[in-house]
Amino acid sequence: MSVAGLRRAARETVSGLPREFWWLWTSTLVNRLGAFVATFMALYLTIDRGYSASYAGLVAALHGLGGVVSSLGAGVMTDRMGRRPTLLVAQTSTALSVALLGFVRDPVTIAAVAFLVGMASNASRPAVQAMMADIVRPEDRVRAFSLNYWAINLGFAISSMAAGFIAEVSYLAGFLIEAGMTLACAVLIFVKLPESRPEQTESAEAGGGEEPAVSLWTVLRDGRYMSVVGLSFLVAVIFQQGYLGLPVAMGEAGFTPADFGLAIAVNGVLIVVLQIPVTRFIEHRDPRLLLVASSLLAGYGFGLTAFAGSVGVFALTVCVWTLAEVVNAPTQTGLVVRLSPVHGRGRYQGMYTMSWAVAALVAPLMSGFVIDHWGAEWLWGICAVVGTVTAAGYWWLMRGLSEETPVAQGAKGAQGAKGAQDAQEAQDAQGAQGAQGAQGAQGAQDAVPAPRVDAGAV
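Residues numbered from 1 in each chain as written. Predicted model: local features only at pLDDT ≥ 70, side-chain atom pairs only at ≥ 80, totals over all residues. Heavy atoms only, no water.

Draft legend 1. Quick peek at the side chain of Ser97. Tracing the chain through its elements places Ser97 in helix H5 (residues 83–101). Sequence-distant contacts of Ser97, defined by excluding residues within four places in its chain, comprise Val113, Leu116, Val117 and Ala120. (Helix = DSSP H or I, 4+ residues; strand = E, 2+ residues; numbered from the N terminus. Contact = heavy atoms within 4.5 Å.)

Draft legend 2. Spatial organisation of helix H2 (residues 19–33). Taking 1.5 Å per residue, 15 residues should reach 21 Å; H2 reaches 21 Å between its end C-alpha atoms and fits that length. Among the residues of H2, those classed as buried are Phe21, Leu24, Trp25, Ser27, Thr28, Leu29 and Asn31. (Expected span 1.5 Å × (residues − 1). Buried < 20%, exposed > 50% of the residue type's maximum accessible area, 1.4 Å probe, protein only.)

Draft legend 3. Focus on a nonpolar patch on the surface. Together, Leu183, Val187, Phe190 and Val191 make up a nonpolar patch on the protein surface, roughly 340 Å² of accessible area in all. Structurally, Val191 is set in helix H8 (residues 171–192). (Patch = residues over 30% accessible without salt bridge, like charges linked within 9 Å, V, L, I, M, F, W, Y side chains within 5 Å. Areas by Shrake-Rupley, 256 points an atom, 1.4 Å probe, with all protein chains shown as cover. Salt bridge = Lys/Arg side-chain N within 4 Å of Asp/Glu carboxyl O.)

Draft legend 4. Molecular detail of the packing of aromatic side chains. Under the counting rule described, the total for this entry stands at 12 aromatic pairs. Between Phe21 and Trp22, the ring centres sit 5.0 Å apart and the planes meet at 75°, which makes this aromatic pair edge-to-face. For Trp22, a relative accessible area of 25% gives the class partly exposed. Relative to Tyr55, the ring of Tyr51 lies with its centre 4.6 Å away and its plane at 40°, an arrangement referred to as tilted. Its relative accessible area of 21% is what places Tyr51 among the partly exposed residues. One aromatic cluster is present, built from ring pairs that chain together Phe21, Trp22, Trp25 and Trp150. Looking at Arg84, its charged tip hangs above the ring of Phe190, at a distance of 4.2 Å from the centre. (Phe/Tyr/Trp six-rings, centres within 6.5 Å; stacked < 30°, edge-to-face > 60°. Lys NZ or Arg CZ within 6 Å of the ring centre and 35° of its normal.)

Draft legend 5. Expanded view of the packing of helix H11 (residues 223–240) against helix H17 (residues 376–397). The contact between H11 and H17 brings their axes to 10 Å, and the two run at 155°. Relative to H17, the element H11 is oriented roughly antiparallel. H17 is crossed by H11, and the crossing has left-handed handedness. Seen from H11, the contacting residues are Arg224, Ser227, Val228, Leu231, Ser232, Leu234, Val235 and Ile238; seen from H17, they are Cys383, Val386, Gly387, Thr390, Gly393, Tyr394 and Leu397. A class-by-class count of the residues in the contact of H11 with H17 yields nine nonpolar, five polar and one charged. (Axes fitted to C-alpha atoms, helices over the stretch in contact; angles between N-to-C directions. Parallel < 35°, antiparallel > 145°, perpendicular 65-115°, else oblique. Left-handed = near helix turned anticlockwise from the far one by under 90°. Nonpolar A, V, L, I, M, F, W, Y, C, P; charged D, E, K, R; others polar.)

Draft legend 6. Quick look at the nonpolar core. Grouped together as the largest cluster of nonpolar side chains are 49 residues, with contacts concentrated most on Tyr225, Leu246, Leu335, Trp380 and Tyr394. Taken together, the elements giving at least two residues each to this core come down to H11, helix H12 (245–252), helix H13 (257–282), helix H14 (287–303), helix H15 (311–338), helix H16 (345–373) and H17. Non-local contacts of Tyr225, meaning those with residues more than four positions away in its chain, are made with Val219, Val336, Leu339, Ser340, Tyr348, Gln349, Met351 and Tyr352. (Core = buried A, V, L, I, M, F, W, Y, C linked by side-chain atoms within 4.5 Å.)

Draft legend 7. The arrangement of helix H6 (residues 107–135) in detail. For H6, built from 29 residues, the straight-helix expectation of 42 Å at 1.5 Å per residue is met to within 8% by its first-to-last C-alpha distance of 43 Å. The opening residue of H6, the one whose side-chain oxygen lies 3.2 Å from the backbone nitrogen of Val108, is Asp106. (Polar contact = N/O pair within 3.5 Å; in protein donor to acceptor, adjacent residues only side chain to side chain.)

Draft legend 8. Broad picture of the environment of Val59. Positionally, Val59 belongs in helix H4 (residues 53–80). Val59 gets classed as buried once you look at its relative accessible area, which sits at 0%. Not counting the four nearest positions on each side in its chain, Val59 is found in contact with Met41, Leu45, Ala111 and Ala114.

Below is the structure:
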């Protein structure tokens, strides 16, 4: 592709999105640029503080458990309090708890504060996703979610490199830098973005009637949505193996940490390079086919790891499941929005976020148990089976749902609105002609009648 073509593609990718989205996107990027705790928590505890690997694993599990606990509560807050207050509380709490974590020394206190960090940092996700769904048109949501995911990975790639240099100087500096950047994002969002939560009366008018109130029980009773949440959990368990099962398996096979770092680096590089062009390719395609294909790519991408015997082959398997990740993330998030009622997006997004948080707890236990008792080959075989089951689940659940993409639905709605407008104009014209004929002379009875406009045919 020529330079002009690349510029045109980039312009089309970012055009048409509202200004509010770009403030939210900037906040996501800055937050990820400042991410330090999640990247170097284990090294901080084992090298700087001198604790055991088991203790570091316990703290990581508590951090993940905090995310599970806060997911549903943050979703309720997003719907009741609004997006802006929830983001302000979540990000301010994250900044304070991260800063505190850099100063505490007692092992019990560290574990407790790590739990709080997990709660606070995960609490902003339902609000961000709900706000993005509020301010972006349905036909642009896949593109918007993809750009946001790209910002997450770009920020993470840069922060991982920067955090390494910061850690050599001072771990405390890393904690304080993350706290400062998170607090800056909280203020930025609160000042620059208006509240986007739709009022229930507005959503009722859009749907033609009053919508019932949404509670967590409503979400749990939504069979199709909860099935999607379950499939999301399975996909998340597969993807987690890239950071849990893969390093352990490579270590047992005699590869060094540097070898693993080289292989896994392919994941971040490919996401940054491919996310935007792949988004242009998938934006107007059937989400059911995309989710089925990405599930199979994820499962069999990890399944191929059983045959890897060199760093190059490991890197090739990473390429396969990274492509699945690039396709799955925005498509699945877009599906969650489509299945969520307007005034219940926070609760629905909270349940979806919880599926990933639970996967972060289950995946390490699963990978450790399988590798210890049966070997790494069994783990990769299980990933292939889970990917196949997930693909079949998406194929079955989305029958009839994916016949129209959001773009097609928007176009159909626009055509319907135009047709209604044309019909009304035709009826007005017919009425005017009738009134004119009634006022005519006696000979009007013998006049040729004006052609009748059939409003239903317009």
